[in-house]
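Structure assessment
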Amino acid sequence: MRIDVVSIFPEYLAPLELSLIGKARQDGLLDLRVHDLREFTTDRHRTVDDTPYGGGAGMVMKPEPWAQALTAVAAGRSEDAGAPGASGSAGKPVLIVPSPAGERFTQATAHELAEEDQLVFACGRYEGIDERVLEWAADHFTVRPMSLGDYVLNGGEVAVLAMVEAIGRLLPGVVGNPESLVEESHSDGLLEYPVYTKPSSWRDRDVPAVLLSGNHGKIAQWRRHEQYRRTAERRPDLLVEFDAGKLPRADGAAFADLGYDVVDGHLVRRPDA
Ligand code: 6GU
């Protein structure tokens, strides 16, 4: 996969040289390039922002440097990137614009984007990028404004670190044991079960006995129930979406204990619970 990141703070992306993603780049699994937006300005002061039409606080990123930068990175894509049928976006690179006003980035989005040939991240700062850049870019890219969640960051860079890590670890060969991608939070619409390691007793706290029992059926059941309990407590919003139709029959009782009924394959919180 090819990833281009355009930012006025390229140094902000330095952590992408570390750990799993850094290794993936060294191993040639990920061709990631960071570009300085100011390199695409033409004035002496390398200006990237200006005051907003209509008034208001803050500054808006000017369209010209963005068009220059995005044209350059779209043209610089790898030879096979435009091969028809190879990508989910009909050969166009995907332009991801981090913004609290974007659609929500989820594990499902990460899986979707991991199938693409080229991703371009356009890091806005200040109040954002002139809207016409996104309209113009739609001729050359599949444009996707994306938000990590309902809070505001100062710019897209930190969000790009998160999204590139979430996507990069799904690329073939990046995570050593692909099994570890199967049983993790959000892979099945639930939060992950709690985990323990040695010693079996620590500061008067024992590891749940079932995990030492060697009974793999019982262990799997305990872990599923812990996922339900934890999700009900911390993220009840996930249970509304959860497909309860594929639940083991006996697990309906576990949900009943948590105050949920299974109705038409969906979990419904009992009014009295
Ligand atoms: Cl993706 N960008 C910015 N600037 N702020 C955010 C965000 C993204 N997600 C949540 N807040």
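Remember, predicted model here, so these are calculated numbers, not experimental data. (Residues numbered from 1 in each chain as written. Predicted model: local features only at pLDDT ≥ 70, side-chain atom pairs only at ≥ 80, totals over all residues. Heavy atoms only, no water.)

Taken together, Pro98, Ser99, Pro100, Met146, Ser147, Leu148, Gly149, Tyr151, Leu153, Gly155 and Ala159 make up all the residues around the ligand. Separating a nitrogen atom of the ligand from a backbone N or O atom of Ser99 is a distance of 3.5 Å. In the model, a nitrogen atom of the ligand is placed 3.2 Å from a nitrogen or oxygen of the Leu153 main chain. With the chains in place, 97% of the 290 Å² that the ligand exposes on its own is no longer accessible. Elements that contribute at least two residues to the shell around the ligand include exactly strand 5 (94-104) and strand 7 (142-147). With 3 residues, strand 5 is the largest single contributor of residues to the shell around the ligand. Here the residues of the shell around the ligand are counted per class, giving 7 nonpolar, 4 polar and no charged. (Near = heavy atom within 4 Å. Polar contact = N/O pair within 3.5 Å; in protein donor to acceptor, adjacent residues only side chain to side chain. Areas by Shrake-Rupley, 256 points an atom, 1.4 Å probe, with all protein chains shown as cover. Helix = DSSP H or I, 4+ residues; strand = E, 2+ residues; numbered from the N terminus. Nonpolar A, V, L, I, M, F, W, Y, C, P; charged D, E, K, R; others polar.)

Ile21, Gly22 and Ala24 are the residues of helix 1 (residues 19-26) that are buried. Along helix 1, the residues classed as buried sweep out an arc of 160° about the axis, all on the same side. Helix 1 presents Ser19 and Gln26 as exposed residues on the side facing more than 90 degrees away from its buried surface. Looking at the packing, one finds that the buried side of helix 1 touches helix 5 (157-168). Gly28 sits one or two positions beyond helix 1 and adopts a positive phi of about 80°. (Buried < 20%, exposed > 50% of the residue type's maximum accessible area, 1.4 Å probe, protein only. Arc of directions from axis to C-beta. Contact = heavy atoms within 4.5 Å.)

Our focus in this paragraph is the pairing of strand 1 (residues 2-7). Of all 6 residues making up strand 1, 6 are buried, and the element is well covered by its neighbours. The side-chain alternation of strand 1 yields two buried faces, one formed by Arg2, Asp4 and Val6 and the other by Ile3, Val5 and Ser7. Two strands pair when backbone bridges link them, and strand 1 and strand 2 (residues 31-36) are joined in this way by 6 bridges, in the parallel orientation. The residue bridging Val6 from the neighbouring strand is His35, located in strand 2. At this point the chain moves from strand 1, through helix 1, to the parallel strand 2, and the crossover so formed is right-handed. Here strand 1 runs beside strand 6 (residues 118-122); their pairing, made up of 5 bridges, is parallel. (Pairing = 2+ DSSP bridges. Right-handed = clockwise from strand over helix to strand, strands pointing away.)

So, on to the nonpolar core. Counting 28 residues, the largest nonpolar core has Ile3, Ile96, Phe105, Leu119, Phe121, Val164 and Ile167 as the members making the most contacts within it. Of all elements in the fold, only strand 1, helix 1, strand 5, helix 3 (107-113), strand 6 and helix 5 reach the threshold of two or more residues within this core. The biggest single contributor to this core is helix 5, with 7 residues. The next biggest cluster of nonpolar side chains, apart from the first, holds 20 residues, and it includes Val6, Ala69, Leu70 and Leu134. (Core = buried A, V, L, I, M, F, W, Y, C linked by side-chain atoms within 4.5 Å.)

The end-to-end C-alpha distance of helix 2 (residues 63-75), which contains 13 residues, comes to 18 Å, matching closely the 18 Å that a straight helix rising 1.5 Å per residue would cover. Among the residues of helix 2, Pro65, Trp66, Ala69, Leu70, Val73 and Ala74 are the ones counted as buried. Seen along its axis, helix 2 keeps its buried residues to an arc of 155°; they face one direction. In the core, the buried residues of helix 2 are packed alongside strand 1, strand 2, strand 4 (60-61), strand 5, strand 6 and helix 4 (131-137). (Expected span 1.5 Å × (residues − 1).)

Now for the environment of Gly124. Along the polypeptide, Gly124 turns up in the loop between strand 6 and helix 4. Overall, the relative accessible area of 13% leaves Gly124 in the buried class. In this structure, Gly124 is in contact with Met61, Ile129, Gly155, Gly156 and Glu157, ignoring residues within four places of it in sequence.

Applying the stated criterion across every chain, the model contains 16 salt bridges. In this structure, Asp31 engages Arg33 in a salt bridge whose closest nitrogen and oxygen atoms are separated by 2.8 Å. Assessed through its relative accessible area of 29%, Asp31 is described here as partly exposed. Lys62 is paired through a salt bridge with Glu64; the nearest N and O atoms lie 3.8 Å apart. Look at Lys62 and you get partly exposed, because its relative accessible area is 23%. Each member of the salt-bridge network shares a partner with another, and the members are Glu103, Glu112 and Arg144. (Salt bridge = Lys/Arg side-chain N within 4 Å of Asp/Glu carboxyl O.)

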